[in-house]
Amino acid sequence: MSTTLHNSPRHRKRRITTPLTESFQRRSGIRLSAQVLLLAVLLISPWTLGGVDYHTQTYLFAGLIVSALLWFLSMVCDAEPERDRSRLPMLLLPLVLGVIYGSLQLIPMASLSETQLGPESDLVQNLEQGAGLVRGSISIYPLETRVQIATLSFALLAFFLATQLFSSRKSQIWLFGALAVSGLTLSFFGIAQKLSWNGHLFWSGPLVVDGKPFASYVNRNNAAGYLNMTLGAAFG
């Protein structure tokens with residue numbers, strides 16, 4: 001009889017739901033989605049030839065933008081805006097200065113190409129016709145300057161999102177662990193590909209330009225740079 005009363009619906013414990021708990025659950029779900037998407041971008045990019053292809057960058061940058069929107073939405077849904085507020089690290093400053101420095105090169109003023117080489121120089125003429133040189137800007141190659149500014153801006157966005165979405169020690173363990181496993185996997189893949197090298201990346205893709213590849217990178221120095229970062233992540 002006592003067991004029946006204990007298991008009856010009247011005596012079951014009810015889960016108390018308040019607007020505060022609903023807001024916390026909604027914010028946690030949105031924040032988790034942003035974390036997963038950002039982590040996916042960070043883990044996929046090195047396997048796509050280091051994300052150097054512009055077509056691939058379009059999808060990677062789109063993932064970063066969606067992750068940023070989800071992060072912003074989680075902040076809007078936060079019922080306690082002062083809780084778990086992350087600080088901005090000083091390491092963001094060099095990236096911001098890099099974007100500003102590159103942007104200053106596009107400000108209209110006396111072009112260095114014309115000042116140093118002369119307006120009728122063959123190099124200046126070729127750049128104007130094939131590379132979109134804008135007369136009056138400091139940059140001798142404004143088109144590429146804009147591309148590099150955009151790439152650095154998205155790198156800045158990824159770094160900023162990482163500081164906000166992985167601010168707790170528990171989330172950082174997941175982030176560092178995933179990056180360490182990615183670096184270890186890439187290393188083993190690179191060694192296996194080197195031992196059975198047939199002149200093709202992933203044993204199927206021919207090299208468009210000459211290089212000394214390792215793993216998924218055409219330039220082994222870029223691969224070493226990424227593996228050094230994952231090694232740092234392994235040490236936490």
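Going by the structure above, here's the rest.
So, here's what we can say about the structure. The shown structure was predicted, so the numbers you read here are calculated from the model rather than taken from an experiment.

**Some thoughts on the layout of surface pockets**
Logical step 1: One number sums up the size of the largest pocket: a volume of about 1,500 Å³.
Logical step 2: Lining the largest pocket are 43 residues, and of these Leu 42, Ser 45, Gly 50, Tyr 226 and Met 229 lie nearest its centre.
Logical step 3: For the lining of the largest pocket, the secondary-structure elements that each account for two or more residues are α2 (19-44), α3 (54-76), α7 (142-165), α8 (169-195) and α9 (220-235).
Logical step 4: For the lining of the largest pocket, the leading source of residues is α7, giving 8 residues.
Logical step 5: Considering only enclosed or pocket space, the second largest pocket measures out at about 280 Å³ in volume.

**Digging into the packing of aromatic side chains**
Logical step 1: Inspection of the entire model under this criterion finds 6 aromatic pairs.
Logical step 2: Taken together, a centroid distance of 5.5 Å and an interplanar angle of 90° make the contact between Phe 189 and Trp 203 edge-to-face. Separated by 14 residues along the polypeptide, Phe 189 in helix α8 and Trp 203 in the loop between β1 (200-201) and β2 (205-206) bring together distant segments of the chain.
Logical step 3: Overall, Trp 203 belongs to the partly exposed group, its relative accessible area being 38%.
Logical step 4: An aromatic cluster is present here, built from Trp 47, Phe 189, Phe 202 and Trp 203 joined pairwise through their rings.

**Section: the side chain of Thr 163**
Logical step 1: Here Thr 163 is to be found in helix α7.
Logical step 2: The buried category is assigned to Thr 163, whose relative accessible area is 15%.
Logical step 3: Only 2.5 Å separates the side chain of Thr 163 from the backbone oxygen of Phe 160, close enough to count as a polar contact.

**Description of the side chain of Ser 45**
Logical step 1: Relative to the helices and strands, Ser 45 resides in the loop between α2 and α3.
Logical step 2: Residue Ser 45 is classed as buried on the basis of its relative accessible area of 19%.
Logical step 3: Engagement of the side chain of Ser 45 in a polar contact is seen with the backbone oxygen of Leu 42, the distance being 3.4 Å.
Logical step 4: Sequence-distant contacts of Ser 45, that is, excluding residues within four places in its chain, are made with Gly 50, Gly 51 and Leu 60.

**Considering the packing of helix α4 (residues 92-104) against α7**
Logical step 1: Orientation of α4 relative to α7, taken along the N-to-C sense of each, is 160°, at an axis distance of 9 Å. On the basis of the axis angle, α4 is roughly antiparallel to α7. Relative to α7, α4 is oriented so that their crossing is left-handed. In this structure, α4 contributes Leu 92, Leu 95, Val 96, Gly 98, Val 99, Gly 102 and Ser 103 to the contact, and α7 contributes Thr 145, Ile 149, Leu 152, Ser 153, Leu 156, Phe 159 and Phe 160.
Logical step 2: Looking at the contact of α4 with α7 residue by residue, the class counts come to 9 nonpolar, 5 polar and no charged.

**A short note on the environment of Ser 196**
Logical step 1: Relative to the assigned elements, Ser 196 resides in the loop between α8 and β1.
Logical step 2: Relative accessible area serves as the criterion here: at 36%, Ser 196 is assigned to the partly exposed category.
Logical step 3: Polar contacts involving the side chain of Ser 196 include one to the side chain of Trp 203, which spans 2.9 Å.

**Regarding the nonpolar core**
Logical step 1: Of all hydrophobic cores here, the largest spans 19 residues; its most connected members are Leu 38, Leu 64, Leu 161, Leu 165, Phe 166 and Leu 175.
Logical step 2: Among the secondary structure elements, those contributing two or more residues to this core are α2, α3, α7 and α8.
Logical step 3: Setting aside its immediate chain neighbours within four residues, Leu 175 contacts Leu 39, Leu 42 and Phe 166.
Logical step 4: One finds Phe 189, Ala 215, Tyr 217 and Tyr 226 within the second-largest nonpolar core, a separate group that totals 7 residues.

The rules behind each value
Residues numbered from 1 in each chain as written. Predicted model: local features only at pLDDT ≥ 70, side-chain atom pairs only at ≥ 80, totals over all residues. Heavy atoms only, no water. 1 Å grid on protein atoms, 1.4 Å probe; cavity = no way out; pocket = protein on both sides within 12 Å on 5 of 7 lines; lining within 4 Å. Points joined across faces, edges and corners; volume = space filled by probe spheres on them. Helix = DSSP H or I, 4+ residues; strand = E, 2+ residues; numbered from the N terminus. Phe/Tyr/Trp six-rings, centres within 6.5 Å; stacked < 30°, edge-to-face > 60°. Buried < 20%, exposed > 50% of the residue type's maximum accessible area, 1.4 Å probe, protein only. Polar contact = N/O pair within 3.5 Å; in protein donor to acceptor, adjacent residues only side chain to side chain. Contact = heavy atoms within 4.5 Å. Axes fitted to C-alpha atoms, helices over the stretch in contact; angles between N-to-C directions. Parallel < 35°, antiparallel > 145°, perpendicular 65-115°, else oblique. Left-handed = near helix turned anticlockwise from the far one by under 90°. Nonpolar A, V, L, I, M, F, W, Y, C, P; charged D, E, K, R; others polar. Core = buried A, V, L, I, M, F, W, Y, C linked by side-chain atoms within 4.5 Å.

Such coordinate-based values are descriptive only and should not be taken to indicate function.
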